[in-house]
Amino acid sequence: MTALTDLNAALVVMTGAYSFAPTSSFAAADGVTFLCPRCVALFGASASHSVAAWSSTGAAPAGLAPPGTRWRMYGTGVADLTLVADPPRDDVFLRSACTWQGQVVNGSAL
Ligand SMILES: [Zn+2]
């Protein structure tokens, strides 16, 4: 597992239909972005892409990548963030095009 704080994680808020920017407010966050744990381990942070996860109660439109699962966000920030699929399921994973799949639990990408 890798701490989200080591993956340059940022809470983000929608600033347009398909644009977003970092926010320091957990309450206002529409999602979270972080560097892909797999690609950071394989290629380093400078060669890694980002993974995004969108809140099920936020402003991210359904068409914003990645499509599909939206997440309930629990915690106070990225250091203790837990994402739970909405509706809750244990067998749903965050996925990225590089084949990484995982979960975010208590501030770490598993
Ligand atoms: Zn990757």
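In this text the structure is predicted, and so the values were computed from the model without any measurement.

Broken down by element type, the chain carries one helix and eleven strands. Secondary structure of the chain in N-to-C order comes out as β-β-β-β-α-β-β-β-β-β-β-β. Radius of gyration (C-alpha) of the chain: 13 Å, near the 13 Å computed for a compact globule of 110 residues.

It is worth spelling out the sheet that holds strand β5 (residues 50–54) at this point. Here we have four strands laid out as an open sheet, ordered β3-β2-β4-β5, and antiparallel in their pairing. The open sheet has two edge strands, β3 (20–22) and β5, and neither has a second partner. With direction set aside, neighbouring strand axes in the sheet form an average angle of 35 degrees. Of the pairings in the sheet, the one linking strand β4 (residues 31–35) to β5 comprises five bridges and is antiparallel in character. When the bridges of β5 are listed, Val 32 appears paired with Ala 53.

Within the element layout of this structure, Ala 62 appears in the loop between β5 and β6 (70–74). For Ala 62, a count of 8 C-beta atoms within 10 Å gives the class exposed. Considered as a pair, Ala 62 and Gly 75 are 13 residues apart in the sequence and their alpha carbons are 23 Å apart.

Let us look at unusual backbone geometry. With an omega of -5 degrees, the peptide bond between Ala 65 and Pro 66 qualifies as cis. Residue placement: Pro 66 occurs in the loop between β5 and β6. Geometrically, the link from Asp 86 to Pro 87 is a cis peptide bond, its omega value of 5 degrees lying close to zero. By the element assignment, Pro 87 lies in the loop between β7 (82–86) and β8 (94–95). Here Asn 8, not a glycine, exhibits a phi torsion of approximately 55 degrees, which is positive. Considering the arrangement of structural elements, one finds Asn 8 in the loop between β1 (2–3) and β2 (10–14).

Criteria and thresholds
Residues numbered from 1 in each chain as written. Predicted model: local features only at pLDDT ≥ 70, side-chain atom pairs only at ≥ 80, totals over all residues. Helix = DSSP H or I, 4+ residues; strand = E, 2+ residues; numbered from the N terminus. Rg over C-alpha atoms; globule rule 2.2 N^0.38 Å. Pairing = 2+ DSSP bridges. Axes fitted to C-alpha atoms, helices over the stretch in contact; angles between N-to-C directions. Buried ≥ 20, exposed ≤ 12 C-beta atoms within 10 Å, placed from the backbone.

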